[in-house]
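What follows is the residue order along each chain.
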Amino acid sequence: MKLQFSARAENEAFARSAAAAFVACLDPTIEELTEIKTGVSEAVSNSIIHGYGENPNEMVTLECRIRAGGKVVITVRDEGVGIEDVEKAREPMFTTGKTEERSGMGFTVMESFMDKVEVVSRTGEGTAVTMTKQLDISYGL
Amino acid sequence: MHLNFQMTDDILIASAVGELDHHSAGTVRTEIDETMDAFQCRHLIFDFEKVTFMDSSGIGVVLGRYNKVTKKGGRVFLASCSEFVEKILYMAGIFSIVDKQKNVEDAICLLNGQKQMEMEVSASGE
Ligand SMILES: Nc1ncnc2c1ncn2[C@@H]1O[C@H](COP(=O)(O)OP(=O)(O)OP(=O)(O)O)[C@@H](O)[C@H]1O
Ligand SMILES: [Mg+2]
């Protein structure tokens with residue numbers, strides 16, 4: 001599944017609901033669904049806020065894939081400002097957000113709710129965050 | 001997301017209904033701040049019973065209110081958090097500074113108990 005939407009805060013809810021709807025066929029638990037929605041929400045709002053400075057003319061891309069055995073792979077991509085030091089950005093409490101009340105916990109939340117979080121970013125080119133989660137599907141399937 | 005406000009004495013109870021994310025955080029923030037100021041409330045109780053979704057933006061909202069309210073000598077409580085909301089707030093260490101209560105009634109009780117003590121202290125000091 002691939003989705004492109006404008007970098008408006010209103011689209012955050014849309015993006016996480018779309019991801020949840022897409023993985024629904026795997027019959028995830030409520031908990032797994034909430035965790036996926038939260039991961040998507042964090043990555044998408046980062047693209048909108050930090051990547052694009054909430055410029056509605058820019059587009060965020062959301063890609064969801066389902067791999068054999070109930071593995072979900074989600075990529076959120078922007079062509080925004082990029083991250084200078086990814087390692088530092090991933091540290092808990094690190095934030096460059098000044099105007100709003102940002103806590104710098106977005107990456108920490110993604111990491112705790114998803115199995116794996118990969119960040120590829122280049123200043124001036126953009127950021128791609130890929131999150132992987134193995135769903136606990138029953139063996140009968 | 002929308003907010004329902006209730007007041008008892010100088011306590012504002014802000015009941016949040018719906019999804020708390022970056023988009024809704026802006027209005028939640030200003031609505032609470034404006035209501036606190038307009039009615040000169042000292043303490044704030046977040047009632048999160050009807051919060052159906054929350055991401056790290058919620059941490060910022062709680063921390064921001066905490067900073068404002070404590071600056072004026074008030075206290076902030078979190079009431080009726082779901083397990084999931086609690087998990088996110090816990091990651092940020094919120095509960096080491098903001099009191100968590102089972103429900104709004106317990107939070108009010110605690111605040112009133114504290115007021116009672118303050119009154120007794122000032123009475124015995126005279
Ligand atoms: N897509 C992105 N484009 C540019 N910078 C980013 C992007 N995603 C994250 N960052 C940088 O990484 C920092 C940390 O992100 P993180 O989500 O952990 O915290 P935050 O967004 O600042 O705060 P919070 O998510 O708790 O509200 C951000 O402050 C920003 O500097
Ligand atoms: Mg963030």
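Rules used in this analysis
Residues take numbers from 1 onward in each chain, read along the sequence in its written order. Ligands are numbered from 1 and chains lettered from A, in the order in which they are written. Per-residue local features are limited, in this predicted model, to residues with pLDDT of at least 70; the limit for side-chain atom pairs, both in listing and counting, is 80 or more; totals at the level of whole chains, interfaces and linings are taken over all residues. Each side-chain value is derived from all of the structure's non-hydrogen atoms; neither hydrogens nor water enter the calculation. Space inside and on the surface of the protein is sampled on a 1 Å grid over the protein atoms alone, with a cavity defined as a set of points where a 1.4 Å probe fits but cannot get out and a pocket as an open set with protein on both sides within 12 Å along at least 5 of 7 lines; lining residues have an atom within 4 Å of a point. Grid points are joined across faces, edges and corners, and a volume is the space filled by probe spheres set on the points. Put simply, DSSP marks the helices as runs of H or I at least four residues long and the strands as runs of E at least two long, and each gets a number from the N terminus on. The residue classification treats Ala, Val, Leu, Ile, Met, Phe, Trp, Tyr, Cys and Pro as nonpolar and Asp, Glu, Lys and Arg as charged. All others, Gly included, are polar. Salt bridge, as used here, is a side-chain nitrogen of Lys or Arg placed within 4 Å of a carboxyl oxygen of Asp or Glu. Relative accessible area decides the class of each residue, using a 1.4 Å probe on protein chains only: under 20% of the type maximum gives buried, over 50% gives exposed, and in between gives partly exposed. Two residues qualify as a contact provided that any one of their heavy atoms is within 4.5 Å of a heavy atom in the partner residue.

Peer 1: Quick one: what's the story with empty space enclosed by the protein, residue by residue and with numbers?
Peer 2: Residues and elements named next belong to chain B. Counting across every chain of the model gives one cavity of 30 Å³ or more. Computed from the structure, the largest cavity encloses a volume of approximately 30 Å³. Every residue along the wall of the largest cavity is listed here: M1, L3, A14, A16, L20, V28, I32, F46 and F48. Within the residue set of the lining of the largest cavity, elements represented by two or more residues are β2 (11-20), α1 (22-38) and β3 (43-54). Element by element, the count of residues in the lining of the largest cavity is highest for β2, at three residues. Broken down by class, the residue content of the lining of the largest cavity amounts to nine nonpolar, no polar and no charged.

Peer 1: I'd like a rundown of the pattern of salt bridges, residues and numbers included.
Peer 2: Applying the stated criterion across every chain yields a total of 15 salt bridges over all chains. Two residues, A:E63 and A:R77, come together in a salt bridge whose shortest N-O distance is 3.1 Å. Here A:E63, found in strand β2 (residues 59-67), pairs with A:R77, found in strand β3 (residues 71-78); they are 14 residues apart in sequence, far enough to count as distant. Two residues, B:D37 and B:K72, come together in a salt bridge whose shortest N-O distance is 3.7 Å. Separated by 35 residues along the polypeptide, B:D37 in helix α1 and B:K72 in the loop between α2 (57-71) and β4 (76-79) bring together distant segments of the chain. Look at B:D37 and you get partly exposed, because its relative accessible area is 48%. Connected through shared salt-bridge partners, A:E101, B:R29, B:D33, B:R65 and B:K68 make up one network.

Peer 1: Explain the environment of B:F46 to me, using residue names and the numbers behind them.
Peer 2: Examined against the element boundaries, B:F46 turns out to sit in strand β3. For B:F46, the residues in contact, after removing those within four places along its chain, are B:A14, B:I32, B:V61, B:V62, B:R65, B:V76, B:F77, B:L78 and B:A79.

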